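Remarks on the overall topology
Letter by letter, the chains look like this.
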Amino acid sequence: MGTCSLCGLATPARPITEAGVDGEFCCRGCLEVHGALDDVDDVDRDALRRRLADEGPDVPDDAEVAFLSIEGMHCATCEGFVSLLGERVDGVYAVEASYATETARVHYDPDRIGQEALPDRLSGSGYEARFRDEASRSRRDHDLTERLLIGGFLTLLIKPWYLFYFYPSYVGIETGILDVDATTSVGLYFPMLIIGLLTSIILFYTGYPVLRGAYVSLRVGRPNMDLLVATAACSAYAYSTLSLATGGDYLYYDVTVAVIMVVSLGRFYERKRKRRATDLLSEVTTARSREATRQLPGGETETVSVDDLAAGDEVLVKPGERVPVDGTVVDGTADVDESVLTGESLPVTRAPGDTVVGGAVATDGALVVAVDEGAESTLDRIAALLWEVQSGSPGMQRFADRLATIFVPLVIAVAALVTGYRLATGASPSAAMLTGLTVLIVSCPCAMGLATPLAVASGLRDGLARGLVVTNAAVFESAPDVETIVFDKTGTLTAGEMTVRSVRGAEEAVAAAAAVERRSEHPVAAAITEFAAETLDAAAPHSRSPTERAGDAPLTDGGVVTAPSSPSTASEVSAFERHPGAGVSGHVDGRRVVVGTPDLVERLVGPVSDDLAVAVAEAREAGDLPVVVGYEGQARAVIVVGDRERVAWTDVLDAFADREVVILTGDDEAAAERFRGHPAVDRVFAGVPPDGKVATVRRLAADRTTAMVGDGTNDAPALAAADLGVAMGSATAQAADAADAILAGDDLRDVPAVFELAQGTRRRIRENVAWALTYNAVAIPLAAAGVINPLFAAVTMAGSSIFVVSNSSRRILEER
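Everything numeric in this text was worked out from a predicted model, so none of it was measured.

Each value, and the rule that gives it
Residues numbered from 1 in each chain as written. Predicted model: local features only at pLDDT ≥ 70, side-chain atom pairs only at ≥ 80, totals over all residues. Heavy atoms only, no water. Phe/Tyr/Trp six-rings, centres within 6.5 Å; stacked < 30°, edge-to-face > 60°. Helix = DSSP H or I, 4+ residues; strand = E, 2+ residues; numbered from the N terminus. Buried < 20%, exposed > 50% of the residue type's maximum accessible area, 1.4 Å probe, protein only. Lys NZ or Arg CZ within 6 Å of the ring centre and 35° of its normal. Pairing = 2+ DSSP bridges. Axes fitted to C-alpha atoms, helices over the stretch in contact; angles between N-to-C directions. Parallel < 35°, antiparallel > 145°, perpendicular 65-115°, else oblique. Contact = heavy atoms within 4.5 Å. Nonpolar A, V, L, I, M, F, W, Y, C, P; charged D, E, K, R; others polar. Salt bridge = Lys/Arg side-chain N within 4 Å of Asp/Glu carboxyl O.

1. Some words on the packing of aromatic side chains
Per the stated rule, a full pass over the model turns up 8 aromatic pairs. Both rings, one in Tyr239 and one in Tyr252, keep their centres 6.0 Å apart while their planes meet at 45 degrees; by these two values the pair is tilted. With Tyr239 in helix H8 (residues 225–245) and Tyr252 in the loop between H8 and helix H9 (253–286), this pair connects stretches of sequence that are 13 residues apart. The same class applies to Tyr239 as to Tyr252, namely buried. Both rings, one in Trp771 and one in Phe803, keep their centres 4.5 Å apart while their planes meet at 40 degrees; by these two values the pair is tilted. Placement of the pair is Trp771 in helix H27 (residues 751–784) and Phe803 in helix H28 (residues 790–809), with a sequence separation of 32 residues. Taking the relative accessible area as the measure of exposure, Trp771 reaches 31% and is therefore partly exposed. With relative accessibility at 35%, the residue Phe803 sits in the partly exposed group. Directly above the ring of Tyr631 sits Arg591, whose terminal nitrogen or CZ lies 4.4 Å from the centroid.

2. Focus: the pairing of strand E21 (residues 591–596)
Where burial is concerned, most of E21 is hidden: 5 out of the 6 residues are buried. Relative to E21, strand E20 (residues 583–588) runs antiparallel, the two being bridged by 6 bridges. Its bridge partner lying in E21, Ser585 is registered against Val594. Hairpin connection from E20 to E21: 2 residues lie between these consecutive antiparallel strands, with Asp589 at a positive phi of about 50 degrees. Pairing of E21 with strand E22 (residues 625–631), which is carried by 4 bridges, proceeds in the antiparallel orientation. Within E22, the residue paired with Val594 across the bridge is Gly630.

3. So, unusual backbone geometry
Positive phi is not limited to glycine here, since Asp589 has a value of about 50 degrees. Relative to the assigned elements, Asp589 resides in the loop between E20 and E21. Residues other than glycine seldom take positive phi values, yet Glu632 does so here, at roughly 55 degrees. Structurally, Glu632 can be placed in the loop between E22 and strand E23 (634–645). Assessed through its relative accessible area of 51%, Glu632 is described here as exposed.

4. Thoughts on the sheet that holds strand E11 (residues 334–337)
Taken in spatial order, the 3 strands make up an open sheet running E12-E11-E14, and their pairing is antiparallel. Each end of this open sheet is capped by a strand with a single partner; those strands are strand E12 (348–350) and strand E14 (361–362). Bridge analysis of E11 against E12 gives 3 bridges, and the strand direction is antiparallel. Residue pairing in the sheet places Val336 in a bridge with Val348 of E12.

5. Some points on the packing of helix H13 (residues 429–442) against H27
Look at H13 against H27: their axes get within 8 Å of each other, and the N-to-C directions meet at 170 degrees. Between H13 and H27, the angle falls in the class roughly antiparallel. Residues Thr435, Thr438, Val439 and Val442 of H13 lie in contact with H27, whose contacting residues are Tyr775, Asn776, Ala779, Ile780, Ala783 and Ala784. For the contact of H13 with H27, the residue count by class is 7 nonpolar, 3 polar and no charged.

6. Description of the pattern of salt bridges
Taken as a whole and judged by the stated rule, the model has 23 salt bridges. For the salt bridge of Asp462 with Arg811, the shortest nitrogen-to-oxygen distance reads 3.1 Å. Taken together, the residues Asp462 in helix H14 (residues 445–465) and Arg811 in the segment after H28 connect sequence positions 349 residues apart. Using a relative accessible area of 0% as the deciding quantity, one classes Asp462 as buried. Between Asp658 and Arg659 there is a salt bridge whose closest N-O contact spans 4.0 Å.

In structure tokens, the structure reads:
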């Protein structure tokens, strides 16, 4: 047995081949993709690898993974410091720290160190490791809020002295408002000492995160924006303290206060936006199965958390319930809706020995499922998802970080050189130091440090207002450059829900079928009963059907189906029986009614007429499901059921008319045919298995920036392989994990908004960075030349920061 030339899966006994196309394939879909797209072997594999997700550290396959919350991380440089500290612990292979999520992913050897020992062994040097829980998160939030409140209160005490006393005195104006008794040293210096003391609290308490970030950056040899902020704040503080001690007239404690408070408030704002995104993502993920019915050896059952399930446990899945985790059927037979895995909108029959995926729904029968080895728990999925939330940095942020490694030493060097030059040319030590201080102050670390975080926070804010959850900040860099966008069909362009598309045959058969289907949990049953109820509510004979009112073709039996009069959908049903994989049956008003496949009706009732057989064939050719209704010795009608398209799907595709649009589906050609005629669609690949979807996206992404929009577990690898992955709000946990953005509202019309949001956010980031660079390019030379003094430098620095904050606060994406 060979392997597929596209996806690598095993080929059947008679592989799919075609003249003119090299290779053997597992299915027709893989053959078409291989023939339409260049082989990925012909592209630069290193370039392709760079475009895919980082594979992480090189650790043994048997390594265990734990997620810990790290308190004390205040900058991106802390990531490297924490990682270095953790890897010194015996039994720990690697530590990946994320400042954005304040989380560390620890790869360790459970035989050498237990998971319970990790927090203690990884704590130290000012960092405290804890297991992830709400209590620790609350403590971190409380600590940050407390620092800001105390800093803000003390700022209110300090600023009046500057506004009404120091600032006027610097320009020769004596207001007399806050005159002090200068006849004694206490009267002269006591107010200044109080200001110095209050500033010390702001610098060393409120500004502790910044100072710590600067210290860590020096320890690891990576100058960052924290170092620049700390240098400016501490220089102003040191100069003012020295001036106070030597009887000088100029105190620049206000500069220290302004720098620390502006940066701290900006980070607090950014943190709030990230936390909202994190909370919403938690809700999206935990909306999946949380509890399971575990079957005990004696036959009893108990309800347990999914997190408590272990490999080998047997769980009972009743009709209509979701399978909690991946497993193998050990008892029972049922039609299972596995569209989350296969992309097929129609349920498939699962019997003992078959595997089922977590999240699939047992529709018409109960199953006993044995939990597979390594099945994921809800907690694991949340931890993995939150690890990715905002852990990446946009390209402009990386640029700012790289710039900091040059900019910070450069500014310090310029300040030192200017001070030395002034001393060498005869200036007094205080005047020389004042010029150097002006250079440090005017360099505006606030604008540079806030340029990217505030713009990203605004993007998150506007996205959340529209139900768009950005899980990877790289979206703001990659989305505007997308040239090819790939749409999954089932659950993305379509709703993944069954609806009645047409009816052929006797009018009363619809009500008879609905009466029986009311006892079934199958999605087809729901579609038929809903249609029958709406049809019965229609006003008069020949009233328009729900599907016709929605703009589809009429439901015909040589005309439009009229409201059935007998029997009613509320008729009593007896002797109800499920026929897994085939249909249902029951006695309605004294006669046996069978609803299901043509074979089932022929076997239990009687023949299917030629006219109805034609309807069955036409439905299958269109990719729909024909449901035959039979009673009293023969088939009476064919109800055609299919997956309905999402609202405004044509408008969404039209919005991407300037890009290449590809539709990718696991359904057969017939189900995908209706999308081929859309003018914005360039290619349609049908019958492609999950592994084939990954290969398809990789080939597309090899030479063009590619986005993928999907919802099912089968789409998850393709979402991860794309440059940009967008998951619908109904997505499975695996798809949500792999996506870069999630449409929490599950509205297809929000897909274009993702690109609009990314474009606007990137533009805002670039505006902020450009302003910060331009400002510094002008202000630093002026300060070095002695044209401006520290007071003016502080004012312009504050104005530059206000510009960045104001520009970032402008709305990027309008609410719908």
